[in-house]
Amino acid sequence: VKVLSDTEDDDGPELAQRFFQEAATTSRLSHPNTVRVFDFGKTDAGVLYLAMERLTGETLQARLQTAASRQEVLPESETADIADAVLRSLAEAHAHGLVHRDLKPANIFLHQTVVEEVVVKVLDFGIVKQHDASMTQAGKSLGTPTHMSPEQALGDPIDGRSDLYALAV
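Residues numbered from 1 in each chain as written. Predicted model: local features only at pLDDT ≥ 70, side-chain atom pairs only at ≥ 80, totals over all residues. Heavy atoms only, no water.

(A) Inspection of the layout of surface pockets at higher detail. If you add up the space inside the largest pocket, you get close to 280 Å³. Around the largest pocket, the lining comprises 15 residues; the ones closest to its centre are Leu60, Leu64, Thr79, Pro105 and Leu167. Mapped onto the lining of the largest pocket, the elements with two or more residues apiece are α2 (60-69), α3 (76-95) and α5 (160-168). Each residue belonging to the lining of the largest pocket can be placed in one class, and the counts come to 12 nonpolar, 2 polar and 1 charged. (1 Å grid on protein atoms, 1.4 Å probe; cavity = no way out; pocket = protein on both sides within 12 Å on 5 of 7 lines; lining within 4 Å. Points joined across faces, edges and corners; volume = space filled by probe spheres on them. Helix = DSSP H or I, 4+ residues; strand = E, 2+ residues; numbered from the N terminus. Nonpolar A, V, L, I, M, F, W, Y, C, P; charged D, E, K, R; others polar.)

(B) Spotlight on the environment of threonine 56. With respect to the helices, strands and loops of the structure, threonine 56 is situated in the loop between β3 (48-52) and β4 (57-59). What makes threonine 56 partly exposed here is its relative accessible area of 41%. Remark: the alpha-carbon pair of threonine 56 and glutamine 112, spanning 56 residues in sequence, is separated by 5.5 Å. (Buried < 20%, exposed > 50% of the residue type's maximum accessible area, 1.4 Å probe, protein only.)

(C) Expanded view of the pairing of strand β2 (residues 37-42). Relative to β3, β2 is paired through 5 bridges, and the arrangement is antiparallel. The partner of lysine 42 across the bridge, within β3, is leucine 48. Two successive antiparallel strands, β2 and β3, enclose a turn made up of 5 residues, where glycine 46 displays a positive phi of approximately 90°. (Pairing = 2+ DSSP bridges.)

(D) Spotlight on the sheet that holds β3. Pairing is antiparallel in the open sheet, where 3 strands are placed in the order β1-β3-β2. Only two strands of the sheet have a single partner each, and these edge strands are β1 (2-4) and β2. Neighbour to neighbour, the strand axes of the sheet diverge by 10° on average, direction disregarded. Sheet topology note: the β1/β3 ladder contains 3 bridges and is antiparallel. From the neighbouring strand, lysine 2 faces β3, where its bridge partner is leucine 50. (Axes fitted to C-alpha atoms, helices over the stretch in contact; angles between N-to-C directions.)

(E) Representation of the pattern of salt bridges. For the coordinates displayed, the defined rule picks out 6 salt bridges. Among the ionic pairs, aspartate 124 bridges to lysine 2, the shortest N-O distance being 2.9 Å. Taken as a pair, aspartate 124 in the loop between β7 (118-122) and β8 (129-130) and lysine 2 in strand β1 lie far apart in primary sequence, 122 residues in all. Classification of lysine 2 as partly exposed rests on a relative accessible area of 26%. Among the salt bridges present, the one from arginine 161 reaches aspartate 159, with a minimum N-O distance of 2.7 Å. (Salt bridge = Lys/Arg side-chain N within 4 Å of Asp/Glu carboxyl O.)

(F) Main features of the packing of α3 against α5. Taken N-terminus to C-terminus, the directions of α3 and α5 make an angle of 165°; their axes are 11 Å apart at the nearest point. Taken as axis vectors, α3 and α5 run roughly antiparallel relative to one another. Handedness of the crossing formed by α3 with α5: right-handed. Facing Ala83, Val86, Leu87, Leu90 and His94 of α3, the residues of α5 in contact are Gly160, Asp163, Leu164 and Leu167. Split into classes, the residues belonging to the contact of α3 with α5 amount to 6 nonpolar, 2 polar and 1 charged. (Parallel < 35°, antiparallel > 145°, perpendicular 65-115°, else oblique. Left-handed = near helix turned anticlockwise from the far one by under 90°. Contact = heavy atoms within 4.5 Å.)

(G) Quick peek at the sheet that holds strand β6 (residues 108-112). The antiparallel open sheet is built from 3 strands, whose spatial order is β4-β6-β7. Here the strands that pair on one side only, and so sit at the sheet edges, are β4 and β7. With strand direction ignored, the average angle separating the axes of adjacent strands in the sheet is 20°. Across 3 bridges, β4 lies against β6 in antiparallel orientation. Across the sheet, the residue bridging to threonine 59 is phenylalanine 109, located in β6. Its contacts with the sheet place α2 against β4 and β6, and it is angled at close to 85° to β4. The strands that α3 touches are β6 and β7; relative to β7, the one it contacts most, it runs at about 45°.

Given below as structure tokens:
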């Protein structure tokens, strides 16, 4: 369950609108490599929530950190398999006119199934953007700077190619 309880600051209305957009958008995505959203809403206390499938495993960020601590790199085949799964998830989102805008190793999850199989899941469509709609105010740039495409960092119009740039990074 993802919760967002502090929506009373200056960005509150925009933050809540983005949260509900994430929930509505992600709940429509059904690719096996995209985290599934089952329910979303707002509690009586004003807490926004998003109920998603339960995942077991680790993020790609954690996997990379473990490998680095052992002075190892991920095998090429594992890297290719992860990238392929992420591309499949993004293909569905892009086909719906959606751009993730914050694709990074912390938002890629290596879900361990009960049969010892790893399924890659793309997480956190929290700042997803529709090609034809924007809730970002002028001068604001959403995402993680180290993974942003140049056009995204500049606040210029973006499309699915920005996600591909982030995946390559």
